[in-house]
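Working through the structure, step by step
The chain contents come next:
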Protein chains: 2
Amino acid sequence: MSKSDGNAFTRQNGPSVAVDVLLFAVGRQEPENYRKLPEHVLQVFLIKQSEVPFIGQWALPGGGVGPRECLDEAAYRQLASKTHVSNVYMEQLYTWGDLHRDPRTRVISCSYIALTDKPSEKIRDGEDARWFTVRRKVIEQREEITEKGYMLREKILIQLFAEGVTLRTVINTVKTVEGKISRVWRETVEPGGIAFDHALILECGIERLRSKLAYTEIAFNLMPEYFTLTELQQVYEAVLDKKLIKANFRRKMAGFLRETSLMTKDDGHRPAKLYCFKPGWMN
Amino acid sequence: MSKSDGNAFTRQNGPSVAVDVLLFAVGRQEPENYRKLPEHVLQVFLIKQSEVPFIGQWALPGGGVGPRECLDEAAYRQLASKTHVSNVYMEQLYTWGDLHRDPRTRVISCSYIALTDKPSEKIRDGEDARWFTVRRKVIEQREEITEKGYMLREKILIQLFAEGVTLRTVINTVKTVEGKISRVWRETVEPGGIAFDHALILECGIERLRSKLAYTEIAFNLMPEYFTLTELQQVYEAVLDKKLIKANFRRKMAGFLRETSLMTKDDGHRPAKLYCFKPGWMN
DNA sequence: GCAAAAGTGTTAGCTCTACACCCATGA
DNA sequence: TCATGGGTGTAGAGCTAACACTTTTGC
């Protein structure tokens, strides 16, 4: 940030700066009968655009950063005003700066992941904001040895479901290694009704969420304060899209849990102990 | 990014956008005698500020983002022009948007990590740019159970050494858990001759680099094309600041290596096989 | 009784750790 | 010859996957 190059701090028409928030939750779907527990699915919150150039398409909640707020504050404000969700976990995901990601003007967007446990909460009235169930699939995968190194190409299908709306977006990712230098490249093939580059942001966010599940305690931000071990497991399964083995899962989680004296009841089967989160570093 | 809030895309005096690059390398220090291999240390590249308000202090290479370039391009351009290093691994680290991180005007900075294997290369003439050896130590640690949850405080000392210059910066980090919601907070206690919030960026980058060594192949970006297993181990040890056990290290790395028919020689001891990188997903 | 989920135990295989040991080189 | 690093083997601890089994509830 030395000042010696021409374009630093002198532009009056520099790029706008915005934030966009990927609000994730794990939703419970009604069980088939009184004995069964609800199924769990990963959900993301989107808003229908009412203005050109993406009128009718769906976008992440977000907007411009004010002159008196830092990025985190802007993200919180946008989330609170657009979704009525507050006091949630939030972390920066990635900053998107492609020249034409917004066709109107140059906008640099700092994206955030937010996690909540209340997808069912009344979040906004009207038809223009919805929780979408997320389904992600790798539909093509190709490994190559090239003259210069290695290449891994994947085609990814993300499907989004809400009542009356289904979106289908396709993304390509390319990982290359040339000599020792590795790179990742992502591009939208079919936006499928998702505005701006938000399909890319979503894909990036899902990847981050999944990988952080494995080596951090981030999943607890998707849980209510008290929860059963089966509920916790269902959240992992919904995010990872993969069945886990109960006994093993419980042993692995043991270090992050504080037992309570509370129990579930009236569930049509044996009551379960309720736990709450205790960080791993608290011995 | 719906357009419906007042401060989106209408400001002409919005924040400036810049990039800052943490260029890391692992340097070799001259061995004591002909038999010994060189010691390895983590190094970072800094530039001495020649203008107010941080005149005489040291900062990361960086500068404003041009109107016709995306963030990655800006980072590459800054790196190339300030350090004469190009064709290196680079990834986004974090975007810094505090209101007063630059006392002159509002600047939002997207920071990058860059990794190279050539710290010794003549990088820039004159007295105003140096490779610094990095030493990081946790000098205080406190765990607490509070009314609302848990808290982990750490005080971190980072020392930077170059010929004729020693910098000493102290940073506090606080990790809190309230109920289920976790947060991280970082602040500079003593900048110690480092400009802007670049001490924070450095600390953040070291943490990221260390944690990514464990679960990615990122370390190979710090290696030359051909290297011995001991060299690779020394790079890991320099970054992690921790001795590793040779036999175990070799077994763990086996899946990421392609053997060559080349050998070292004239080293004052038994010759070693040279390897090159092969990504883990290439079977 | 029975369906569903809560919760525990066991085994085989793998990985991680720590350490010991031998080999090859050039001065 | 010997200091130094190159390279491999092994035993024990601990983790993981997979599966089987018992317990407790509401209807």
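Given the structure is predicted, the values throughout are model-derived calculations rather than measurements.

The rules behind the values
Residues numbered from 1 in each chain as written. Chains lettered and ligands numbered in written order. Predicted model: local features only at pLDDT ≥ 70, side-chain atom pairs only at ≥ 80, totals over all residues. pLDDT = per-residue confidence, 0-100. Contact = placed C-beta atoms within 7 Å. Nonpolar A, V, L, I, M, F, W, Y, C, P; charged D, E, K, R; others polar. Near = placed C-beta within 6 Å. Helix = DSSP H or I, 4+ residues; strand = E, 2+ residues; numbered from the N terminus. Domains from an automatic or database assignment. Core = buried A, V, L, I, M, F, W, Y, C linked by C-beta atoms within 7 Å. Buried ≥ 20, exposed ≤ 12 C-beta atoms within 10 Å, placed from the backbone. Axes fitted to C-alpha atoms, helices over the stretch in contact; angles between N-to-C directions. Parallel < 35°, antiparallel > 145°, perpendicular 65-115°, else oblique.

Thoughts on the confidence of the model for chain A
- Looking at chain A as a whole, its pLDDT mean stands at 90, while 92% of the residues score no less than 70.
- Below a pLDDT of 50 lies the segment residues 1–12 of chain A, which in the model reaches 30 contacts outside its immediate sequence neighbourhood of four places, other chains included.

Focus on the interface of chain A and chain B
- Counting residues at the interface gives 63 residues for chain A, matched by 64 residues for chain B.
- Of the residues belonging to the side of chain A that touches chain B, the class tally is 31 nonpolar, 20 polar and twelve charged.

Brief notes about the protein's contact with DNA strand C
- A:Arg35, A:Thr230, A:Ala247, A:His269 and B:Arg270 are the nearest of the 25 residues found near DNA strand C.
- Only α3 (229–240) and α4 (246–253) of chain A together with α4 (246–253) of chain B provide two or more residues apiece to the surface near DNA strand C.
- Residue classes in the surface near DNA strand C are distributed as eight nonpolar, seven polar and ten charged.

A few points about the domain arrangement of chain A
Residues and elements named next belong to chain A.
- Structurally, chain A comprises domain 1 (16–135 + 193–218) and domain 2 (222–277).
- For domain 1 and domain 2, the distance between their C-alpha centroids amounts to 26 Å.
- The partner domain 2 presents 14 residues to the 14 residues of domain 1 that form the contact.
- Sorting the residues of the side of domain 1 that touches domain 2 by element identifies β1 (16–29), β2 (39–48) and α2 (198–215) as the ones contributing at least two each.
- Considering only residue class, the side of domain 1 that touches domain 2 consists of nine nonpolar, one polar and four charged.

A short note on the protein's contact with DNA strand D
- Within the structure, DNA strand D sits among 24 residues, and A:Arg270, B:Thr230, B:Ala247, B:His269 and B:Arg270 are positioned closest to it.
- Elements supplying a minimum of two residues to the surface near DNA strand D: α4 of chain A together with α3 (229–240) and α4 of chain B.

Some thoughts on the nonpolar core
- Core analysis: the biggest nonpolar cluster contains 133 residues, and A:Leu22, A:Ala114, B:Leu22 and B:Ala114 have the highest contact counts within it.
- When neighbours within four sequence positions are excluded, B:Ala114 is seen to be in contact with B:Val21, B:Leu22, B:Leu23, B:Leu79, B:Val88, B:Tyr89 and B:Met90.

Regarding the packing of α3(B) against α4(B)
Residues and elements named next belong to chain B.
- As a packed pair, α3 and α4 sit with axes 11 Å apart at the nearest point and diverge in direction by 100°. Between α3 and α4, the angle falls in the class roughly perpendicular. Contact residues: Leu 229, Leu 232 and Gln 233 in α3; Lys 246, Phe 249, Arg 250 and Met 253 in α4.
- Along the lines of polarity and charge, the residues of the contact of α3 with α4 split into four nonpolar, one polar and two charged.

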